[in-house]
Amino acid sequence: MQAVIYSHTGSADVLELVDREVPSVAPGEVRVRIIVSGVNPTDWKSRSGNGDRLEIEQVPNQDGSGIVDAVGADVSSFAVGDRVWVWDAAFKRPSGTAQELVVLPASQVVRLDDAVSFDVGASLGIPALTAHHTLTANGPERLSPGALTGQVVLVAGGAGAVGHAAIQLALWAGATVITTVSSDEKAALARAAGAHHVINYRTADTAAAILAIAPNGVNTVVEVNPVANLALDLRVITRGGLIAIYATDTDEPLVMPIGDAMVKNAVVQFVLTYTVSPEQKQHAVAAISAAAAAGILAVGTDAGLPLERFTLAEAADAHRAVETNTVGKVLIDVAAAS
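Quick summary incoming for the structure in this document. Chains are numbered independently. Their residues run from 1 in the order of the written sequence. Thresholds applied to this predicted model are a pLDDT of at least 70 for local features of residues and 80 or more for the giving and counting of side-chain atom pairs; totals over whole chains, interfaces and linings are not thresholded and use all residues. Side-chain numbers come from the whole structure's heavy atoms, not from hydrogens or water.

**Quick word on the pattern of salt bridges**
Right, on to step 1. Salt bridges are defined as contacts in which a side-chain nitrogen from Lys or Arg sits within 4 Å of a carboxyl oxygen from Asp or Glu. In total, this model carries nine salt bridges according to the counting rule given.
Right, on to step 2. The partner of Arg47 in a salt bridge is Glu323, and the shortest N-O contact between them spans 3.2 Å. Placement of the pair is Arg47 in helix H1 (residues 41–47) and Glu323 in helix H10 (residues 315–323), with a sequence separation of 276 residues.
Right, on to step 3. The rule is simple: take the accessible area with a 1.4 Å probe, protein chains only, and divide by the maximum for that residue type; under 20% is buried, over 50% is exposed, in between is partly exposed. You can call Arg47 buried: its relative accessible area is 0%.
Right, on to step 4. Since its relative accessible area comes to 31%, Glu323 is described here as partly exposed.
Right, on to step 5. Across the pair Arg309 and Asp333 runs a salt bridge whose closest N-O atoms are separated by 2.7 Å. Separated by 24 residues along the polypeptide, Arg309 in strand E15 (residues 307–311) and Asp333 in strand E16 (residues 329–333) bring together distant segments of the chain.
Right, on to step 6. According to the relative accessible area criterion, Arg309 is partly exposed, its value standing at 38%.
Right, on to step 7. Judged by relative accessible area, Asp333 falls into the partly exposed class, the value being 30%. A helix here means a DSSP run of H or I that spans at least four residues, while a strand means a run of E at least two residues long, and both kinds are numbered starting from the N terminus.

What follows is the structure, given as structure tokens:
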């Protein structure tokens, strides 16, 4: 089978396409024939470095979708031919989804509804799990229709993959959704995703625009750029509201305006999907599967998340696209669906 590997860290040039033996399946495991592999920022960040040689060569990419190819002797929850999506494939494991066949613990394989495309399945994982964690860090354990009714959610960067999923999940759960973007192009994408209110922060008084929509403040902020936005977040958050921080684009320390945060009794939660509790992960996986089956987590330009596609041999270009902040979701077509 074909696989993309790297044996030392560095630029995308360290990625190479090789032939490997088909991996065997042990008890408790499932082997999946990957149809589509999703690429996320953490994939290129894990790969980047100063050329350090790895003890075991690594196959990148956490997310993917495909078809069950084999199951371990004691696995009864899946059968050969089942459509599935997978999560955290390369987290503390040398075998991600940038290959034709991947073996995972059965707990990291999730059934994909027949009506849900492999493109959607490969776009769930890190983005949707992260979005779920941000929306539930100070609220319900699991999102479902009506779980956020009456709440206002502010999504910073609504045209990104996590922001896109956060908009969709918050809408599904009944919230009023406001999002901020940096261009008219991204505003169109956020509206296509379903956001009720879209604010271009480069041309508007952002705080005034948000408070005009939500005079009592927003209940939850899904934050991608806390160094730039924390002061704004504290201005528009309601008392006892949540600022959920899942990313940053700088090494600059985050300075907390303590007085402003205390006056609001604000909750500031840092979110990393890899290290949440098993219970939180189970709730998120279940909610995301339900939302996807309901048609909520659509992708593509019409749904607000353009797709940029690459072949397995072009995996380095796929990583470069994510690294240079391409707008939309980067997918690698690994194999044709039969």
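On we go from here.
**Observations concerning the sheet that holds strand E12 (residues 218–223)**
Right, on to step 1. Strand order in the open sheet made by the six strands is E11-E10-E9-E12-E13-E14, with parallel pairing throughout. With one partner strand each, in any of the chains shown, strand E11 (197–200) and strand E14 (267–270) form the two edges of the open sheet. Shown here is a sheet whose adjacent strand axes are inclined to one another by a mean of 15°, direction ignored.
Right, on to step 2. Pairs of strands are assigned from DSSP output, requiring at least two bridges between the strands. The pairing of E12 with strand E13 (residues 237–245) spans five bridges and is parallel. Its bridge partner being in E13, Val222 is matched across the sheet by Ala244. Note on geometry: axes are C-alpha line fits, over the in-contact stretch for helices, and angles between N-to-C directions span 0 to 180 degrees.

**A look at the packing of aromatic side chains**
Right, on to step 1. The aromatic pairing rule takes the rings of Phe, Tyr and Trp, using the six-membered ring of Trp, and pairs them if the centres are within 6.5 Å, calling planes under 30 degrees apart stacked, those over 60 edge-to-face and the rest tilted. Inspection of every chain in the model, using the stated rule, returns one aromatic pair.
Right, on to step 2. Centroid distance Phe91 to Tyr274: 4.8 Å. Interplanar angle 20°. Geometry classified as stacked. Highlighted residues: Phe91 in the loop between strand E6 (83–86) and strand E7 (101–105) and Tyr274 in the loop between E14 and helix H9 (278–293), separated in sequence by 183 residues.
Right, on to step 3. By relative accessible area, Phe91 is classed as partly exposed at 27%.
Right, on to step 4. Given a relative accessible area of 13%, Tyr274 falls into the buried group.
Right, on to step 5. Definition used: whenever NZ (Lys) or CZ (Arg) falls within 6 Å of the ring centre and also within 35 degrees of the ring normal, the charge is taken to sit over that ring. The ring of Phe118 carries Arg83 above its face, with NZ or CZ at 4.4 Å from the centroid.

**Quick notes on the pairing of strand E10 (residues 176–181)**
Right, on to step 1. For E10, the buried fraction is high: five of the six residues fall into the buried class.
Right, on to step 2. Alignment of strand E9 (residues 152–156) against E10, held across five bridges, turns out to be parallel. Bridging across to E10, Ala156 finds its partner in Thr180.
Right, on to step 3. Viewed along the sheet, the connection from E9 through helix H4 (residues 161–172) into E10 turns out right-handed.
Right, on to step 4. Two strands pair when backbone bridges link them, and E10 and E11 are joined in this way by four bridges, in the parallel orientation. Bridging across to E11, Thr179 finds its partner in Val198.
Right, on to step 5. Regarding the hand of the β-α-β motif, the stretch spanning E10, helix H5 (residues 184–193) and E11 is right-handed. Orient the strands so they point away from the viewer, and a crossover whose first-strand-to-second-strand path over the helix runs clockwise is right-handed.

**Looking at the packing of helix H3 (residues 125–136) against H9**
Right, on to step 1. In contact at an axis separation of 9 Å, H3 and H9 are set at 115° when each is read in the N-to-C sense. Regarding the angle of H3 to H9, the classification is roughly perpendicular. Every pair of crossing elements has a handedness; the one defined by H3 and H9 is right-handed. Note on element contacts: H9 touches H3 through Gln280, Lys281, His283, Ala284, Val285, Ala287 and Ile288, opposite Ala128, Leu129, His132 and His133. Each angle receives one of four descriptions, namely roughly parallel if under 35 degrees, roughly antiparallel if over 145, roughly perpendicular if within 65 to 115, and oblique otherwise. In this scheme the crossing of two helices becomes right-handed for a clockwise turn of the near helix relative to the far one and left-handed for an anticlockwise turn of less than a right angle. Only heavy atoms matter for contacts: two residues are in contact if any of them lie within 4.5 Å across the pair.

**What about the environment of His133?**
Right, on to step 1. Along the chain, His133 falls in helix H3.
Right, on to step 2. According to the relative accessible area criterion, His133 is buried, its value standing at 6%.
Right, on to step 3. Each C-alpha atom, one on His133 and one on Leu143, is 9.6 Å from the other, the two residues being 10 residues apart in sequence.
Right, on to step 4. When neighbours within four sequence positions are excluded, His133 is seen to be in contact with Val271, Thr273, Val276, Gln280, Lys281 and Ala284.

**Concerning helix H7 (residues 226–236)**
Helical geometry note: an α-helix holds 3.6 residues per turn, so side chains three or four residues apart project in the same direction.
Right, on to step 1. Of all the positions in H7, only Pro226, Asn229, Leu230, Asp233, Leu234 and Val236 are classed as buried. Projected down its long axis, H7 carries its buried residues within an arc of 155°, all on one side. Structural note: H7 exposes Ala228, Ala231 and Arg235 on the side pointing more than 90 degrees away from its buried face.
Right, on to step 2. Where H7 is buried, its residues meet E9, helix H6 (206–213), E12, E13 and helix H8 (258–263). Along the arc lie the directions from the helix axis toward the C-beta atoms.

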